[in-house]
Amino acid sequence: MKKTVLLAAVLLAAACAPKEPALKDVFKGKFILGAAVNAGQIRETDAKGDSVLFRHFGAIEPENCLKSMEIMPVFGQYDWTLADQYVSFGQQHGLDVFGHCLIWHSQLTPDFCYDKDGNLVTPEVLKERMKQHITTVVTRYKGRIKGWDVVNEAIMEDGSYRNSLFYQILGEEFIPWAFQCAHEADPDCELYYNDYSMHEPAKLETVLALAKKLQERGIRIDALGFQAHLGMDYPDLDLYESFIRRVKDETGLDVCITELDMSILPTITRSADVSMTRADWEHVLNPWPDGIPAEVQEAWNARMGAFLDMFLRNADVIRRVNVWGVSDGDSWKNGWPIPGRQDAALWIGRDYQLKPFLEKYVR
Ligand code: GLA
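Remember, it's a predicted structure, so these values are computed and weren't measured experimentally.

Participant: Any chance you could explain empty space enclosed by the protein here in plain terms?
Facilitator: Regions of empty space are outlined by a rolling probe, equal in size to a water molecule, passed over the atoms. Throughout the structure, instances matching the rule amount to one cavity of 30 Å³ or more. In terms of lining, the largest cavity is formed by Ile103, Trp104, His105, Val151, Asn152, Glu153, Ala154, Arg162, Ser164, Phe166 and Phe174. Residue assignment for the lining of the largest cavity shows that the elements contributing at least two residues are strand 3 (96-104) and strand 4 (147-152). Looking at side-chain class alone, the lining of the largest cavity contains six nonpolar, three polar and two charged residues.

Participant: Honestly, the side chain of Asp46 in this entry has me stumped. Any pointers?
Facilitator: With respect to the helices and strands, the residue Asp46 is situated in the loop between helix 3 (39-42) and helix 4 (47-56). For Asp46, which is buried and forms no salt bridge, the nearest opposite charge comes from Lys48, at a distance of 8.1 Å. Within the local environment of Asp46, its side chain forms a polar contact with the side chain of Gln41, the two groups lying 3.2 Å apart. Residues in contact with Asp46, not counting those within four places in the same chain, are Gly40, Gln41 and Tyr352.

Participant: Mind showing me how you'd approach the packing of aromatic side chains here?
Facilitator: For any two aromatic rings, the description comes down to two numbers: the centre-to-centre distance and the angle of the planes. In this structure the tally under the stated criterion is 16 aromatic pairs. Consider the rings of Tyr78 and Trp80, whose centres lie 4.6 Å apart with planes at 5°: the pair is stacked. We classify Tyr78 as partly exposed; its relative accessible area is 22%. By relative accessible area, Trp80 is classed as buried at 16%.

Participant: Would you take a moment to explain the packing of helix 10 (residues 201-216) against helix 11 (residues 237-251) for this structure?
Facilitator: Two numbers describe a pair of packed helices, the interaxial angle and the distance between the axes. Look at helix 10 against helix 11: their axes get within 11 Å of each other, and the N-to-C directions meet at 25°. By the criterion of interaxial angle, the relationship of helix 10 to helix 11 is roughly parallel. As for the relative orientation of helix 10 and helix 11, their crossing is right-handed in sense. Counted together, Pro201, Leu204, Glu205, Leu208, Ala211, Lys212 and Gln215 of helix 10 and Phe243, Arg246, Val247, Glu250 and Thr251 of helix 11 form the full contact between these two elements. Residues that form the contact of helix 10 with helix 11 fall into these classes: six nonpolar, two polar and four charged.

Participant: Just to check I follow, could you spell out the environment of Leu170 for this structure?
Facilitator: Mapping Leu170 onto the fold places it in helix 8 (residues 165-170). With a relative accessible area of 16%, Leu170 lands in the buried category. Taking C-alpha positions, Leu170 is 8.6 Å from Thr122, a pair spaced 48 residues apart along the chain. Look past the residues within four positions of Leu170 in its chain and what remains in contact with it is Pro123, Leu126, Lys127 and Met130.

Participant: Sorry if this is basic, but what is going on with the pattern of salt bridges here?
Facilitator: Between side chains of opposite charge, a pair can form as their charged atoms come close. Tallied over the entire structure, the rule returns 22 salt bridges. The closest approach of N and O atoms between Glu184 and Lys131, which form a salt bridge, is 3.1 Å. Of this pair, Glu184 sits in helix 9 (residues 174-185) while Lys131 sits in helix 7 (residues 123-140); the two residues are 53 residues apart in sequence, bridging distant segments of the chain. Classification of Lys131 by relative accessible area gives partly exposed; the value is 26%. The partner of Lys360 in a salt bridge is Asp309, and the shortest N-O contact between them spans 3.2 Å. Of the two residues, Lys360 sits in helix 14 (residues 359-362) while Asp309 sits in helix 13 (residues 294-313), which places them 51 residues apart along the sequence. Here Lys360 falls in the partly exposed class, since its relative accessible area comes to 47%. By sharing partners, the salt bridges in this structure join Glu190, Lys248, Asp254 and Arg319 into a single network.

Participant: When you look at the site of the ligand in this model, what are you seeing that I'm missing?
Facilitator: The local shell around the ligand consists of Glu63, Lys67, His100, Trp104, Gln107, Asn152, Glu153, Gln227, His229, Glu259, Trp324 and Trp332. The separation between an oxygen atom of the ligand and a polar side-chain atom of Lys67 is 2.8 Å. Within the side chain of Gln227, one N or O atom sits 2.9 Å away from an oxygen atom of the ligand. Considered on its own, the ligand offers 300 Å² of accessible surface; in the complex 87% of this is hidden by protein. Under a 2 Å grid-point criterion requiring more than half of the atoms, the pocket assigned to the ligand is the largest pocket. Residues belonging to the shell around the ligand are distributed by class as follows: three nonpolar, five polar and four charged.

Participant: Honestly, the side chain of Gln227 in this entry has me stumped. Any pointers?
Facilitator: Topologically, Gln227 is positioned in the loop between strand 6 (223-226) and strand 7 (229-230). Under the relative-accessibility criterion, Gln227 is labelled buried at 1%. At a separation of 3.2 Å, a polar atom in the side chain of Gln227 contacts the side chain of Asn152. Setting aside chain neighbours within four positions, we find Gln227 in contact with Asn152, Glu153, Asn194, Asp195, Tyr196, Thr258, Glu259 and Leu260.

Parameters at a glance
Residues numbered from 1 in each chain as written. Predicted model: local features only at pLDDT ≥ 70, side-chain atom pairs only at ≥ 80, totals over all residues. Heavy atoms only, no water. 1 Å grid on protein atoms, 1.4 Å probe; cavity = no way out; pocket = protein on both sides within 12 Å on 5 of 7 lines; lining within 4 Å. Points joined across faces, edges and corners; volume = space filled by probe spheres on them. Helix = DSSP H or I, 4+ residues; strand = E, 2+ residues; numbered from the N terminus. Nonpolar A, V, L, I, M, F, W, Y, C, P; charged D, E, K, R; others polar. Buried < 20%, exposed > 50% of the residue type's maximum accessible area, 1.4 Å probe, protein only. Lys, Arg positive; Asp, Glu negative; His and termini not counted. Salt bridge = Lys/Arg side-chain N within 4 Å of Asp/Glu carboxyl O. Polar contact = N/O pair within 3.5 Å; in protein donor to acceptor, adjacent residues only side chain to side chain. Contact = heavy atoms within 4.5 Å. Phe/Tyr/Trp six-rings, centres within 6.5 Å; stacked < 30°, edge-to-face > 60°. Axes fitted to C-alpha atoms, helices over the stretch in contact; angles between N-to-C directions. Parallel < 35°, antiparallel > 145°, perpendicular 65-115°, else oblique. Left-handed = near helix turned anticlockwise from the far one by under 90°. Near = heavy atom within 4 Å. Areas by Shrake-Rupley, 256 points an atom, 1.4 Å probe, with all protein chains shown as cover. Sits in = over half its atoms within 2 Å of the grid points.

Function cannot be read off these values alone, since they describe shape.
Take a look at the structure:
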């Protein structure tokens, strides 16, 4: 009997104990905190993922379900099932809903840029198709999606334009055209250009020139998306910070940190040593298959914490920080660049607990 009473008292105390504050509330007034969601979270089959999402995040981006190949497997033929669920899910749970992405060379509808004979379409046809796709999608979610990544990953690290099908057919003009179509479809929607490795100097130069070109022509652009797929040894934090500030100083635009993760495992290029066997290579990329050493986890927490402090220091420029996945098990980094790794790249672990670097903010 005594034991039962004691247990009840312990449970009651636990229930009444003050909960840690939610991250989205801690950072309110600084930036919106979002997370990318996958199909399980959208369909609400991932109860644990959803519960931590609702508790700590105020916004969502879809990891895949709005990409052209997903929403439109054949040009002009849409399957809205998951995309509609995504937008309704966000609204039902009071989350700000963002769109990713309208025009991207990858995960692209296979026949977007080809005619029925398999030849590239003419510039006029591609402009028309882009307008049709962008107008259809943006109009469908008008007033419900707060901001769109209009163009994703069009500029290379050396500052040149990516030789995508869009570029091959329309040259640089495909980008202003995409923004113009998106703005006409929903004049109140925020519009972003989004890319990775924004710490590469030549790349940033071209992206800034692109932003200025849009501004000079009076075409709406609200912010630049820094994907922020970080590693333990890249990019340099001070350089990253200075580039975030340059965006504001040189264009007046804000920055969104759109796809934040930090691989705790090595990411290196294979060109280093051609004599390496596959097994050597896998060992280099997955050095701790039985568990990540404590000192490596501490170093990760220190580095992610330093980036978060930097984002907070620059909250006058950064309007949104979006982590690329809810918890570690969801991250694309688990399967890249080799399958079968267990990375730990996100803010919430496989146990659905906040990582230690966040403790000082929620205490
Ligand atoms: C890019 C895209 C994202 C995602 C990641 C890898 O960063 O913008 O949508 O596909 O690659 O998962």
